[in-house]
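So you can see what is in the structure, the chains are spelled out below.
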Amino acid sequence: MAPGALLLAFAAAFGASGVALGAFGAHALKARLGEAGQDTWETAVTYQLIHALALLGVGIWVRSGGSSAALAVAGWSFLVGVLLFSGSLFVLALGGPRAFGPITPLGGVAFIVGWLALLLAAVGSDDLQ
């Protein structure tokens, strides 16, 4: 699978699962999570959906001919960020091991790296000149 297509596939999967997980948390898990767990779940869903859109943008850029190390870093950083940040928050909200707590900031760092790499890709793009 071409890199752009792979990024778009992950964007679509993260978008669809983000909506499903949001609905699941709001309805099926509402009584189980409690207020703090519900807040954690919503944060995980929000960041997953935001970065699904970011990944969608990177995938579209790559498929339209954009190719740079910075774009690759941005795409992979958003992907890893969703898995680490949102994934660990989902586990924690469900009462999983506290050992998942230190994973969340690593996902946040991946998000920051992704956005900075996207900035570098944009600044270095010939399409913007």
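Each remark here, short or long, concerns the structure printed above.
Colleague: Would you take a moment to explain the packing of aromatic side chains for this structure?
Modeller: Working definition: an aromatic ring pair is given by the centre-to-centre distance plus the angle between the planes. All chains considered together, the criterion is met by six aromatic pairs. Between Y47 and F111 the ring centres are 6.0 Å apart and the planes differ by 20°, which places this aromatic pair in the stacked class. Here the residue Y47 occupies a position in helix α2 (residues 30-63), and F111 occupies one in helix α4 (residues 103-123), the gap between them amounting to 64 residues. Taking relative accessible area as the criterion, Y47 reaches 34% and is therefore assigned partly exposed.

Colleague: Looking at this structure, how should I read the nonpolar core?
Modeller: Side chains of nonpolar character tend, in soluble globular proteins, to be buried together. In this structure, F14, W41, L55, V58, A74, F78 and L118 are the most contacted members of the largest nonpolar core, which totals 27 residues. Contributing elements (two or more residues each) for this core: α1 (3-27), α2, α3 (69-93) and α4. For this core, the element with the most residues is α3, which contributes 11 residues. Once residues lying within four places of it in the same chain are set aside, the contact partners of F14 are Q48, L49, A52, L55, L79, V82 and L83.

Colleague: Please clarify how α2 should be interpreted in this entry.
Modeller: Between the first and last C-alpha of α2 there are merely 40 Å, a value that for 34 residues lags more than 12% behind the 50 Å anticipated at 1.5 Å per step. Along α2, the helix axis deviates most sharply at A36, where the bend reaches about 85°. A positive backbone phi angle near 110° is found at G65, which sits one or two residues after α2.

Colleague: Just to check I follow, could you spell out the side chain of S88 for this structure?
Modeller: Among the secondary structure elements, S88 is positioned in helix α3. On the basis of relative accessible area, S88 is assigned to the buried category, the value being 2%. Within the structure, the side chain of S88 is placed 3.0 Å from the backbone oxygen of F85, a separation counted as a polar contact. What S88 contacts, discounting residues up to four positions off in sequence, is L83, F100, I103 and T104.

Colleague: Is there a simple way to think about the side chain of H51 in this case?
Modeller: Examined against the element boundaries, H51 turns out to sit in helix α2. If we skip the residues at most four places from it in the chain, H51 touches F78, V82, F111 and W115.

Colleague: Help me understand a nonpolar patch on the surface in this model?
Modeller: A surface patch of nonpolar side chains, about 410 Å² in accessible area, is lined by I112, L116, L119 and V123. On the secondary structure map, V123 appears in helix α4.

Definitions and cut-offs
Residues numbered from 1 in each chain as written. Predicted model: local features only at pLDDT ≥ 70, side-chain atom pairs only at ≥ 80, totals over all residues. Heavy atoms only, no water. Phe/Tyr/Trp six-rings, centres within 6.5 Å; stacked < 30°, edge-to-face > 60°. Helix = DSSP H or I, 4+ residues; strand = E, 2+ residues; numbered from the N terminus. Buried < 20%, exposed > 50% of the residue type's maximum accessible area, 1.4 Å probe, protein only. Core = buried A, V, L, I, M, F, W, Y, C linked by side-chain atoms within 4.5 Å. Contact = heavy atoms within 4.5 Å. Expected span 1.5 Å × (residues − 1). Bend = angle between axes of the 7 residues up to and from the residue. Polar contact = N/O pair within 3.5 Å; in protein donor to acceptor, adjacent residues only side chain to side chain. Patch = residues over 30% accessible without salt bridge, like charges linked within 9 Å, V, L, I, M, F, W, Y side chains within 5 Å. Areas by Shrake-Rupley, 256 points an atom, 1.4 Å probe, with all protein chains shown as cover. Salt bridge = Lys/Arg side-chain N within 4 Å of Asp/Glu carboxyl O.

What is shown is where atoms sit, not what they do.
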